[in-house]
Amino acid sequence: MTKSELIDILAQKQKQLAYKDVELAVKTMLEHMAQCLANGERIEIRGFGSFSLHYRPPRVGRNPKTGDSVELEAKYVPHFKPGKEMRDRVNESMETKPIIN
Amino acid sequence: MALTKAEMAERLFEELGLNKREAKEIVEQFFEEIRGALENGQQVKLSGFGNFDLRDKKQRPGRNPKTGQEIPITARRVVTFRPGQKLKARVEAYARTQQQ
């Protein structure tokens, strides 16, 4: 499912809202979430999961083309931890639903 | 303070002029549809943010960390999140502000 497919589904379920409003709502929600993470803030959605930042210490990496070593700065990467309901519901479908990627 | 559904709904109310009930409902449905797709075995790709992928894991040996007793970790399906380039770049920019 892509963002535009998600917007289509939500628009069908929210008949009282114009398609444009649903589209803007989805974009606003994703932007709000991205902004929070970009400010170092966590996101906690009960039954869905939480997003936080994980610290990566500085390290010496290599340029894969030349083999030269490069100093890489410390950084943060976004991390998602699925909530209990998400974990359970996804796991229960393993026997019945193949993965479509 | 962590971002919650209530704050997301509040922003939709303030910025988009949705009424409070509509805002709350669409936030709820947004997460429910993503969860529903994953529950149906479907990967979810939200460009600019990231992808929620599914992986089937085989059973593997594990241990109870408290007692040290060996117990198998059963086969399971898990959700993994792969942040998109844009989100990663924004988060890395945050790391740089923390180093100064």
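Being a predicted model, the structure only gives us computed values, none of them experimental.

Calculation notes
- Residues numbered from 1 in each chain as written.
- Chains lettered and ligands numbered in written order.
- Predicted model: local features only at pLDDT ≥ 70, side-chain atom pairs only at ≥ 80, totals over all residues.
- Heavy atoms only, no water.
- Helix = DSSP H or I, 4+ residues; strand = E, 2+ residues; numbered from the N terminus.
- Rg over C-alpha atoms; globule rule 2.2 N^0.38 Å.
- Buried < 20%, exposed > 50% of the residue type's maximum accessible area, 1.4 Å probe, protein only.
- Contact = heavy atoms within 4.5 Å.
- Expected span 1.5 Å × (residues − 1).
- Arc of directions from axis to C-beta.
- Core = buried A, V, L, I, M, F, W, Y, C linked by side-chain atoms within 4.5 Å.
- Pairing = 2+ DSSP bridges.
- Axes fitted to C-alpha atoms, helices over the stretch in contact; angles between N-to-C directions.

Visitor: Tell me about the overall build of chain A, and please be specific about residues and values.
Guide: A count of helices and strands for chain A gives three helices and five strands. For chain A, the sequential pattern of α-helices and β-strands runs α-α-β-β-β-β-β-α. Relative to the compact-globule value of 13 Å for 101 residues, chain A shows a C-alpha radius of gyration of 19 Å, a clear excess of over 25%. Principal-axis analysis of the C-alpha atoms places the extent of chain A at approximately 55 × 35 × 30 Å. For chain A, buried positions account for 42% of its 101 residues. Taking all contacts inside chain A whose residues are at least 6 apart in sequence as the whole, residues at least 24 apart take part in 28%.

Visitor: Before we move on, could you go through helix α1 (residues 5-16) of chain B and cite the residues and values that matter?
Guide: Residues and elements named next belong to chain B. With twelve residues, α1 ought to run about 16 Å at 1.5 Å a step, and its terminal C-alpha atoms sit 16 Å apart, in line with that. Turning to α1, its buried residues are Met-8, Ala-9 and Leu-12. Relative to the axis of α1, the buried residues are bounded by an arc of 100° and lie together on one face. Projecting away from the buried face of α1 at angles above 90 degrees are the exposed residues Ala-6, Glu-14 and Glu-15. Where α1 ends, the next residue or the one after it, Gly-17, has phi of about 70°, a positive value.

Visitor: Give a description of the nonpolar core that names residues and reports values.
Guide: The nonpolar side chains of soluble globular proteins are, as a tendency, buried together. Grouped together as the largest cluster of nonpolar side chains are 46 residues, with contacts concentrated most on A:Met33, A:Phe51, B:Phe30, B:Ile34, B:Phe49 and B:Phe52. Beyond its immediate chain neighbours, meaning those up to four positions away, B:Phe49 contacts A:Leu30, A:Met33, A:Ala34, A:Leu37, A:Phe51, B:Phe81, B:Pro83, B:Gly84 and B:Leu87.

Visitor: Explain helix α2 (residues 19-38) of chain A residue by residue, including any values.
Guide: What sets the pattern is the α-helix's 3.6 residues per turn: residues three or four places apart point alike. The first and last C-alpha atoms of α2(A) sit 28 Å apart over 20 residues, in line with the 28 Å expected at 1.5 Å per residue. Immediately downstream of α2(A), the backbone of A:Gly40 shows phi near 80°, a positive value.

Visitor: Which residues make up the environment of B:Ile34, and what values do they have?
Guide: With respect to the element layout, B:Ile34 can be found in helix α2 (residues 20-39). Measuring from C-alpha to C-alpha, the distance between B:Ile34 and B:Phe52 comes to 8.7 Å, with 18 residues separating the pair along the chain. Beyond its immediate stretch of four places on either side in the chain, B:Ile34 contacts A:Met1, A:Leu6, A:Phe48, B:Val44, B:Leu46 and B:Phe52.

Visitor: Talk me through the sheet that holds strand β5 (residues 76-83) of chain B; I want residue IDs and the actual numbers.
Guide: Reading across the sheet, the three strands line up as β1-β2-β5 (chain B) and stay open at both edges, with antiparallel pairing between neighbours. Each edge of the sheet is formed by a strand with only one pairing partner; in this case those strands are β1 (44-46) and β5 of chain B. Each strand axis lies, on average, 25° off the axis of its neighbour in the sheet, ignoring direction. Sheet topology places strand β2 (residues 50-57) of chain B next to β5(B); eight bridges connect them, and they run antiparallel. Bridge assignment links B:Asp53 to a residue of β5(B), and that residue is B:Thr80. Along the sheet face, helix α3 (residues 84-92) of chain A touches β2 and β5 of chain B and points at about 120° away from the line of β5(B).

Visitor: So what's going on with the environment of A:Val70? Residues and values would help.
Guide: All names here are of chain A. The residue Val-70 is located in strand β4 (residues 69-72) in this model. You can call Val-70 partly exposed: its relative accessible area is 36%. Note: C-alpha distance between Val-70 and Arg-59 (eleven residues apart in sequence) is 8.5 Å. Leaving out residues up to four positions away in the same chain, Val-70 has contacts with Arg-59, Val-60, Gly-61, Arg-62 and Asn-63.

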